[in-house]
Every structure is written in structure tokens, then in C-alpha cells.
Amino acid sequence: MPLADKIVVVVFDGLRPDMVAGRMPVLEAFLRDNLWFRNARSVFPSVTRVCTTSFATGAWPGAHGIVNNQFHLAGHLEEGLVDTGAFAHLARLKARAGALVTTDSLGQRLAAAGRRMLAVHCGSAGSGLLVNHAVRDNGHRTFSVHGSDATLTPDVTAEVLALCGTPPADVAPKIDTVAYAGHVARRVGLAEDQADVTLVWLPEPDTAFHFCGIHSDGAAQAMAAADAAFAEILDAVTAGPHAGRTAVVAMSDHGQIATRAKVDLAAMLRSDGFAVGAEPGAGTDILMTGGNMGELRPLAPSRALLRDLGQWLIERNEIGMVFADPEVVDGALSPALVHQTHLRSAELIYVMRSDTGAGPGGLPGTTLYTGGVPVGGGMHGGLNPYEMNTVLGFSLPDGRRADDDTPAALIDIAPTLLSLLGIEDVRTGRVLPLFEPEGDPVYVEVARAETGAFRQELRRATVAGRSYLIDGGRAGTSRTERTTTEGTQSAATAPQ
């Protein structure tokens, strides 16, 4: 039996839950007065398109196959980088690999049950596709702010433009784009012919965090704009015909931390004899991606080269974590621990060193990185606790109102939404306890690996048979000390 007639999901891209209070009064009141999962977690890498697909499928990247924002496709390394933010790159990925996403999605399960989904997406074109990758086959609708060439349902673009006008210029911070998203949600998404699930993806505060800094006036303006759009959406829900039977979900996909120094890791590798490059070509034997995490993929299979690369990374003070086969790279952690088990997953993944110390504006969390934003700008992708902790709140017809400290993750949202609509579904994620506390014990484990002076730790929590990533980093980095506790509800408590 359905527990809600309609569901509205609002995504605040990049929002840290510890930054809501005092900056976003509407969202703050919503979380305070409803059900707030304070220990909600992202996935690894904690980058938007991986997060998007994990939310949309209820699965880890090891199942759905979108393994990074940018990656080189195993078996097709000579064909160059896949940028999952680009609509054309995703089409090319599907042609090269035979499938874009390798597990079914929330949209597909809704369609199979005769239910409809509308996405109003104002993030990247790639993320707008991945949130419902089979939207046309599903008979659903997605609007992308990037226009009719960036969506599989261009007729929706024409409808939105006719009702709401042309989208504003794509500049940071995206204040006008956020306001536009709120208007589209009200006039199209929450109109009389409302879909069963309406998703509204706001591009802020992510963009402002990246290019203005998480502590900046631009970030404050972006959060205020996102809060105002959320207020407009809540008002439309309250005034609509399904007000008493609509569930509202407020969520983010990841957090951000401040960059403190840029490291030219590629130049350092090359100076030590490793022929790395971003694209295949003359003089490149190893393909690399970067940010505050990245991958290294030898063009030709070589355990010896992987061992040497992994050992080089481990010996660098700038590196925080290394994931590889521990039998190949001494001191590495297995990629399986972070659910990077797909055929597309890299054999060698690194995370730049981060900490939980105070950064610009006194906000905790800083990181080294290889590029992509100005120094001091926000970054995400790694396993710092302030990257991993996400916003997740539910307003439900007859649902409970509480702060819930048990672990939850992006992978739990799709099965929970389906359950609210009375659709049975078995996925990696679990149905979250929306009406009664779960009561299951939470077990926390710490995976450690070390060699020489290098030691790294990864914390994971298990509840109700599901394993969740908490955080990870290089041991000895200035960060909050935690103990391993088994069988306690408070063991996985995150910074708030």
C-alpha cells in the first residue's frame, strides 16, 4: 500500500550539513521539524556524477559503472578520456561499452510499475542524463538547463521555455539559475499533472563553493538562493492538490572542503620517469586523472608498473590514500573496500592528503589537489568526513520527526522512495526507517594498511546487513581522533 501519493526530491548540490544552520533558515527548519538522517553519507569517489548515478540506481559504483567524473575506459584506453559531465561523452561511452549504466534505475523501476518521473535538472548535462538514464524508454521527462541538445526529451525543453522563458547565463555563482529552477519546479514540475516523483536538482552551493570558496560571500549568496528556491517549492507543495499526501526529501550528494595547495602530481611523476598523461599519445604510457583524487591506468597491463606507481604514491607526503591490490602494492587498501569493483574501475586510485583542521573562514576541512579550481576554492571526491557527510531529510505524511544517527547513504534513497509508493524493490541500499526507529546495532570497522612511514585508515559502518563508508585518510594527519566501537548506535557519529 502506498505511504505517499507523490514525492518531491530537492537536491542541494555540494551542501555540507554543518553549514545549514544560520545560513539557510528554510532548510534548517525543515530538517529540525522533520526526520533528519544526520549520518547520511556519500559514495567514493564523492564526485557528482558518481553520486548522481548511485542515488538514481540505489547501487554503488561497483555495480552501476560510473566510476568517476572522468575516467579512462578499461579495454578502450586508446580512445581517450570519458568526461561524464558531457552529454556527447556519455553517448560515446554507451557506444564503446554497450551500456551507459550497468544496473537498472529508479526511473526504470517506476516505469515498470506504471509510475512517472520528472527531473528538473540545472547541474551538468551529464548529471541530468544520469539521473534517469533511460528516460525516453521509460516514457518519463527530464528538463536540462543546457537545452534541447542536452536531453533525451527535448519536447520538455520546449514546454519549459514557453512557460518560464530562456534560462539565465551560466555564470558562478549560479544565483539566477537556482531561482529559475525554483520557478520551473513550481510551474511545470508541481503543476496539476504532477509526476509521481519530481526531482529538482539545484546546482548550488556546489559551483560557488568551487570557484568562490566555501567561506565566501558568493557561497553565502548561493546558499540563500537555494534556500529561497526550496521555500518556493515547499509553498507549491503545500498549495497543491496532493499536499497532505506528498513526501518531500531534501538532500545533497556530497560536501566540500577547501583546497590549501595545488600539487603538480603529473610533473612529479614525469620527473621520476613515469610517462603519464591525461590522454593517450606519443610519450604516454600511463593515463591519469586528477582533482583531490584520481586514477592511474597503464596503457599496457603491467603488475610491475602498477607496483612501482603505487610505491611512488605511498612515498609521497602529498598522498593520503592509495587503493590497489595489496598483493601488488604493499601498503595499499583494496578498492573493494570502497565498492570500486566494476570492470571500469581503475586498478590504482589515489586520494590527496586532507585534514579536518580549520580552513578559510574557520570552516573545518582542507585538502591538497592537482587542479580544477582556484587555490582556496572548494573540492570534493575524497573520503574526508566533511566531503562524505550529506544532507538527508524527509517530510512524510504520518512519518516520524526526529534526528536519526544511524548510517544512511545515497544508495538507500531509491529503494526508500519506491517503498513509499508501494513498490517492492530489492537493491544494494536498504529502505530507511521513516516511520519507526530501526533499532539494529551499528558496527564500525577500521581497515588499516601501512608500509614504512605510510599508514592509512578507512572507517566503515555496518547496519542491517549493509556496509557504509564513513571516512578515511592518512593516519597521522591532523584530524579528529576516533575509536573503533562495535555494537553501539553512536559509533558512526559524523561531524555536524
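Presented here is an overview of the structure given in this document.

Criteria and cut-off values
- Residues numbered from 1 in each chain as written.
- Predicted model: local features only at pLDDT ≥ 70, side-chain atom pairs only at ≥ 80, totals over all residues.
- Heavy atoms only, no water.
- Helix = DSSP H or I, 4+ residues; strand = E, 2+ residues; numbered from the N terminus.
- Rg over C-alpha atoms; globule rule 2.2 N^0.38 Å.
- Buried < 20%, exposed > 50% of the residue type's maximum accessible area, 1.4 Å probe, protein only.
- Contact = heavy atoms within 4.5 Å.
- Areas by Shrake-Rupley, 256 points an atom, 1.4 Å probe, with all protein chains shown as cover.
- Lys, Arg positive; Asp, Glu negative; His and termini not counted.
- Charge placed at Lys NZ, Arg CZ, Asp CG, Glu CD.
- 1 Å grid on protein atoms, 1.4 Å probe; cavity = no way out; pocket = protein on both sides within 12 Å on 5 of 7 lines; lining within 4 Å.
- Points joined across faces, edges and corners; volume = space filled by probe spheres on them.
- Nonpolar A, V, L, I, M, F, W, Y, C, P; charged D, E, K, R; others polar.
- Disulfide = S-S within 2.5 Å.
- Pairing = 2+ DSSP bridges.
- Core = buried A, V, L, I, M, F, W, Y, C linked by side-chain atoms within 4.5 Å.
- Expected span 1.5 Å × (residues − 1).
- Axes fitted to C-alpha atoms, helices over the stretch in contact; angles between N-to-C directions.
- Phe/Tyr/Trp six-rings, centres within 6.5 Å; stacked < 30°, edge-to-face > 60°.
- Lys NZ or Arg CZ within 6 Å of the ring centre and 35° of its normal.
- Salt bridge = Lys/Arg side-chain N within 4 Å of Asp/Glu carboxyl O.

1. Describing the overall build of the protein
Within the protein, the secondary structure is distributed over 15 helices and 24 strands. In terms of C-alpha radius of gyration, the protein reaches 21 Å, essentially the compact-globule figure of 23 Å for 496 residues. Counting only C-alpha atoms and orienting by the principal axes, one finds that the protein spans roughly 65 × 50 × 45 Å. By residue count, 63% of the 496 residues in the protein fall in the buried class. Considering only contacts within the protein whose residues lie at least 6 apart along the sequence, 70% involve residues at least 24 apart. Here the protein displays about 17,200 Å² of accessible surface, and carbon together with sulfur accounts for 49% of that area. Treating the 40 positive side-chain charges of the protein as one cloud and the 55 negative ones as another, the clouds have centres 1 Å apart.

2. Focus on the layout of surface pockets
Within this model, the largest pocket holds a volume of roughly 800 Å³. For the largest pocket, the lining is made up of 36 residues, of which Arg49, Asn69, His210, Gly372 and His380 are closest to its centre. At the level of elements, helix H2 (48-57), strand E5 (81-83), helix H10 (206-212) and helix H12 (265-271) are the ones that each hand at least two residues to the lining of the largest pocket. Of the residues forming the lining of the largest pocket, the biggest block, 4 residues, is contributed by H10. Here the residues of the lining of the largest pocket are counted per class, giving 12 nonpolar, 18 polar and 6 charged. The volume enclosed by the second largest pocket comes to roughly 270 Å³.

3. Notes on the state of the cysteines
In this structure the tally under the stated criterion is 0 disulfides. Cys164 takes part in no disulfide bond, and the closest cysteine sulfur, belonging to Cys122, lies 10 Å away. Free cysteine Cys212: the closest other cysteine sulfur is in Cys122, separated by 18 Å. Residue Cys212 is classed as partly exposed on the basis of its relative accessible area, which comes to 31%.

4. Details of the sheet that holds strand E17 (residues 364-369)
The 4 strands lie next to each other as E16-E17-E10-E18, forming an open sheet whose pairing is mixed. Edge positions in the sheet fall to strand E16 (354-358) and strand E18 (378-379), since each has one partner strand and no second. Direction of pairing for strand E10 (residues 257-262) relative to E17: parallel, over a ladder of 4 bridges. The residue bridging Lys262 from the neighbouring strand is Tyr369, located in E17.

5. Quick word on empty space enclosed by the protein
Unoccupied space between atoms shows up once a probe the size of one water molecule is rolled over them. For the structure shown, the criterion picks out 6 cavities of 30 Å³ or more. Together, 15 residues line the largest cavity, and Val351, Met352, Ser354, Gly472 and Gly473 are the ones closest to its centre. Among the elements of the structure, strand E14 (319-323), strand E15 (349-352) and strand E24 (466-474) are those that each provide at least two residues to the lining of the largest cavity. The element best represented in the lining of the largest cavity is E24, accounting for 3 residues. Classifying every residue of the lining of the largest cavity gives 4 nonpolar, 8 polar and 3 charged.

6. Some words on the nonpolar core
Soluble globular proteins tend to pack their nonpolar side chains together in the buried interior. Core analysis: the largest hydrophobic core is formed by 62 residues, its most contacted members being Ile7, Phe44, Leu199, Phe323, Leu383, Leu392 and Phe394. The element best represented in this core is helix H15 (residues 413-420), accounting for 5 residues. If we ignore the near neighbours within four places in the chain, the residues touching Leu383 are Phe44, Met321, Phe323, Val338, Met388, Leu458, Leu469, Asp471 and Gly472. Leu15, Val20, Val156 and Ala181 belong to the second-largest nonpolar core, a separate cluster that totals 45 residues.

7. Let's talk about helix H13 (residues 303-314)
With 12 residues, H13 extends 16 Å from end C-alpha to end C-alpha; this agrees with the ideal 16 Å at 1.5 Å per step. Of all the positions in H13, only Leu306, Leu309, Gly310, Trp312, Leu313 and Ile314 are classed as buried.

8. Describing the sheet that holds strand E19 (residues 392-395)
On the basis of which strands lie adjacent, the open sheet formed by 8 strands has the order E7-E6-E8-E1-E9-E19-E2-E20 and mixed pairing. Each end of this open sheet is capped by a strand with a single partner; those strands are strand E7 (141-144) and strand E20 (402-404). Between one strand and the next, the sheet's axes are offset by a mean angle of 15°, whatever the strand orientation. Of the pairings in the sheet, the one linking strand E6 (residues 117-121) to strand E8 (residues 197-202) comprises 5 bridges and is parallel in character. Each bridged residue has a counterpart across the sheet, and for Met117 the counterpart in E8 is Val197. Of the strands in this sheet, E6 and E7 are in contact with helix H8 (residues 154-164), which crosses E7 at around 60°.

9. Things to note about the packing of aromatic side chains
Evaluation of the coordinates by the stated rule reveals 6 aromatic pairs. Look at Phe30 and Phe230: their rings are 5.3 Å apart centre to centre, the planes differ by 80°, and that puts the pair in the edge-to-face class. Remark: Phe230 occurs in helix H11 (residues 217-239) and Phe30 occurs in helix H1 (residues 25-33); sequence separation between them is 200 residues. Each member of the pair, Phe30 together with Phe230, is buried. A network of ring pairs unites the aromatic residues Phe12, Phe30 and Phe230 as a single cluster. Positioned above the aromatic ring of Trp36 is the side chain of Arg38, whose terminal nitrogen or guanidinium carbon lies 3.8 Å from the ring centre.

10. Thoughts on the pattern of salt bridges
Side chains that differ in charge, positive against negative, can pair when their charged atoms come close. Across all of its chains, the model carries 23 salt bridges by this definition. Residue Asp83 is joined to Arg49 by a salt bridge in which the shortest nitrogen-to-oxygen separation is 3.6 Å. Linking Asp83 in strand E5 with Arg49 in helix H2, this pair joins segments that are 34 residues apart in sequence. Residues Asp308 and Arg307 are paired through a salt bridge, measuring 3.5 Å at the closest nitrogen-oxygen approach. In this structure Asp308 comes out as partly exposed when scored by relative accessible area, which is 36%. A relative accessible area of 42% means that Arg307 is categorised as partly exposed. Salt bridges sharing common partners tie together Lys6, Arg115 and Asp196.

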